[in-house]
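# Inside the fold
Here are the chains, one letter per residue:
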Amino acid sequence: MGIRCSPKMSESVVTSSLVDMIAVSIRDNTEGTREIPVWEEHMPRRPDDLRSARWFAPDDLRSMGHRSRAMQMGLAEEDWRGKPVIAIINTWSDLSPCHHHLRDRADWVRRGVLQAGGMPVELPVHDFAEQFLKPTSMLYRNMGAMEVEETLRSHPVDGAVLMGGCDKSTPALVMGATSMGLPFILLPAGAMIRGNYAGRKLGSGTDVWKYWDERRAGNIDEVEWRGIQGGIARSYGTCMTMGTASTMMSIAEAFGLTLPGASSIPAPDAAHKRMSAACGRRAVEMVLEDLTPDRIITPESTRNAVTVAMATGCSTNAVIHLIAMARRAGVPLGLDDLDRIGRTTPVIANIRPSGKEYLMEDFYYAGGLPALMTELGSKLDTGVMTVTGKPLSENLKGAKVHDADVIRPLSNPVYHEGSLAVLKGNLAPDGAVVKPAAMDQKFQKHAGPAIIADCYDQLKGIINDENHPMTPDSVLVLRNAGPRGGPGMPEWGMIPMPKALLKKGHRDMVRLSDARMSGTSYGACVLHVAPEAYVGGPLALIENGDIIEIDVPNRRIEARLADGEWERRRSSWTPPAARFERGYGWLFSQHIEQADKGCDFDFLRTEFGAPVPEPEIN
């Protein structure tokens, strides 16, 4: 008797490699003996069921055109017939330093796809170059997510490897691919190597802010400043602090969307190339297993992602992106959920800016994210499904901490609560966000008079004027910098310290805005005030000299104004002029949601309407 094909998937085959596409002989009573790939025996997906077969398989006019045009590019039917087509979604560009190696890594992904018996196709999308996109890359996150979704929908692909890592790229890639619903795996770009100048270890962003303040205070000359400039970014890859890029790559792994440990591998490390090929192999397997994102991004894995974010000392931007990513999967995550988890999850990654010494390269050598997740123990649900086709518990087997000062035990945390805190009150009824571990602790409870700037140019005038009246107790306020007002909610919330205070030795003060700040930033910066001033939020109504009070332990933020005063000011408030009158900016302004809702477009919410159908092919 020959081996009989079974429609039921064997656990042993699901977890085995398909690299060699081993063929086994089976005997059929009517067709005799034939050769079939081992996955055909056990996997739920058969070649005729592949989505790409709608383009290539039918014997009709349109499919003949598809096949002939594929042959125009030098391909043969052996390249696609009966094989999963894997999209390599690449965010490389000549103006994306964080992703500068992804052109090369795409070839390693391609190698893995071919090893596993698939057909690789590289499809470029927006580069999300944080450093060069103005006024902010956040203006384009949702556009990029739409591009990813529609690129996958409109092409003959069965699954995808998403390549990215710089700040907005990870959420945009995940949001778009989740909405599309095809099997996908994220290939994190990885962090660059440590910065160095004159024997000093330099951290991306974090040391830029630090030494810029010192230069403005007159403590650094031009020669030293240029030395820091040349030493702070020494390889391709993302910021090597626990900024937004490293935060979001870690969150993606905590969701179960990457291979184990992938988010921690430094970009230039040879292991990054091997991981890239492994992503290609695994993407083929995921298609054959029909392992779609709705099985991975669940309420349980979302709680894991939030918990891990808090434990890493994450970027404040994680709040916005986590909410948006979860909601694309139909998980109703909100600010209160984030704050609740944060209160019981200490920061255990001693990585700057929340930590005092180490960078992402050190984190990798200390065991990386799998080691940190192991330290979190029962705080995580390890029964959740991941892109490996195995539960998280299997992925964490063997993970251990190699340096207990870099990855701390729960008994010796960097900070006793999570990375972020959500404040609410009459100044931010829908919430504001602060990073308690990265601020001078004396400002956790503070009250002071407001100094208000209605735009960034006005703010620069205030902070550079050494004669502007202020004290260290003053509260610097920047408004009209939110989702609609910015536009795009730029990273202007890390308000530079006023020069007058710097020269007196002060390095922190309370700063308040409806903007965001870089995840590499630090200080007593209260951000994401919602609703934003531009749409008439309470922040629009405060005036110079109003007393602003923050109480981080009790999660409060208030302006000391009587109810009648709020009403008087509201009656005289005039909405600002529109930022855009046409184009993408107009579309953005009409449909962008506030920070507490993740800044997604309202029409992209899962509950907005019925799922988009597959494209008609005629």
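A quick note: this is a predicted structure, and the numbers were derived from the prediction, not measured.

Our focus in this paragraph is empty space enclosed by the protein. In total, this model carries 2 cavities of 30 Å³ or more according to the counting rule given. Roughly 70 Å³ of internal volume is contained in the largest cavity. Surrounding the largest cavity, Glu 253, Gly 256, Thr 258, Leu 259, Pro 260, Pro 370, Met 373, Thr 386, Leu 392, Asn 395 and Leu 396 form its lining. Its residues placed into classes, the lining of the largest cavity shows 6 nonpolar, 4 polar and 1 charged. Quantified by volume, the second largest cavity comes out at close to 50 Å³. Along its surface, the second largest cavity is lined by Ala 324, Arg 327, Arg 328, Glu 593, Lys 597, Asp 600, Arg 605 and Thr 606. Its residues placed into classes, the lining of the second largest cavity shows 1 nonpolar, 1 polar and 6 charged.

This part covers the packing of helix 6 (residues 102-115) against helix 12 (residues 270-289). To characterise two packed helices, one gives the angle between the axes of the helices and the distance between these axes. Between helix 6 and helix 12, whose axes approach to 7 Å, the crossing angle comes to 40°. Taken together, helix 6 and helix 12 sit at an angle that is classed as oblique. Relative to helix 12, helix 6 is oriented so that their crossing is right-handed. Of helix 12, the residues touching helix 6 (which contributes Asp 104, Arg 105, Trp 108, Val 109, Gly 112, Val 113 and Gln 115) are His 272, Lys 273, Ser 276, Ala 277, Gly 280, Arg 281 and Val 284. Counted by class, the contact of helix 6 with helix 12 contains 5 nonpolar, 5 polar and 4 charged residues.

We now examine unusual backbone geometry. At the junction of Arg 352 and Pro 353, the peptide bond is cis and its omega measures out at 15° in the coordinates. Its place among the elements puts Pro 353 in the loop between helix 15 (335-343) and helix 16 (360-365). The amide bond that connects Ala 530 to the next residue, Pro 531, takes the cis arrangement and shows omega of -5°. Within the secondary structure, Pro 531 is located in the loop between strand 14 (525-530) and strand 15 (547-551). Positive phi, normally seen in glycine, also occurs at Asp 290, with a value near 55°. Mapped onto the fold, Asp 290 is located in the loop between helix 12 and helix 13 (299-312). By relative accessible area, which is 32% here, Asp 290 ends up partly exposed. Within the chain, Met 489 stands out as a residue other than glycine whose phi angle is a positive 60°. For Met 489, the position within the fold is in the loop between strand 12 (475-478) and helix 20 (499-502).

This next bit is on the environment of Leu 182. For Leu 182, the position within the fold is in the loop between helix 8 (169-180) and strand 6 (184-188). Among the residues examined, Leu 182 registers a relative accessible area of 10% and is labelled buried. Put simply, Leu 182 and Asp 158 are 24 residues apart on the chain and 6.6 Å apart in space, counted from C-alpha to C-alpha.

Attention now moves to the pattern of salt bridges. Enumeration over the complete set of coordinates arrives at 45 salt bridges. Linking Arg 81 and Glu 77 is a salt bridge whose minimum nitrogen-to-oxygen distance equals 3.3 Å. For Glu 77, a relative accessible area of 32% gives the class partly exposed. One salt-bridge network, in which partners are shared between bridges, spans Glu 130, Asp 167, Lys 168, Glu 491 and Arg 516.

What counts and how
- Along each chain, residues carry numbers from 1 onward, in the same order as the chain's sequence is written.
- The predicted origin of the model limits local features to residues at a pLDDT of at least 70 and limits the giving and counting of side-chain atom pairs to 80 or more, whereas totals for whole chains, interfaces and linings rest on all residues.
- Values shown for side chains rest on all heavy atoms present in the structure; no hydrogens or waters enter the calculation.
- Within this scheme a cavity is a closed region of a 1 Å grid, computed over the protein atoms alone, that accommodates a 1.4 Å probe without allowing it to escape, whereas a pocket is open but has protein on both sides within 12 Å along at least five of seven lines; lining residues each have an atom within 4 Å of a point.
- Grid points are joined across faces, edges and corners, and a volume is the space filled by probe spheres set on the points.
- In this classification, Asp, Glu, Lys and Arg are treated as charged, Ala, Val, Leu, Ile, Met, Phe, Trp, Tyr, Cys and Pro as nonpolar, and every other residue, Gly included, as polar.
- Each axis is a line fitted through C-alpha atoms, taken for helices only over the stretch in contact, and angles between the N-to-C directions span 0 to 180 degrees.
- By the criteria applied, helices consist of DSSP H or I runs no shorter than four residues and strands consist of E runs no shorter than two, each listed in order from the N terminus.
- Each angle is binned into one of four classes, with values under 35 degrees roughly parallel, values over 145 roughly antiparallel, values of 65 to 115 roughly perpendicular, and all other values oblique.
- Crossings are sorted by hand: turned counterclockwise from the far helix by less than a right angle, the near helix makes the crossing left-handed, and turned clockwise it makes it right-handed.
- Whether two residues are in contact is decided by their heavy atoms, any of which lying within 4.5 Å being enough.
- We call a residue buried when its accessible area falls under 20% of the maximum for its residue type, exposed when it is over 50%, and partly exposed in between, using a 1.4 Å probe and counting protein chains only.
- By salt bridge we mean one thing: a side-chain nitrogen of Lys or Arg within 4 Å of a carboxyl oxygen of Asp or Glu.

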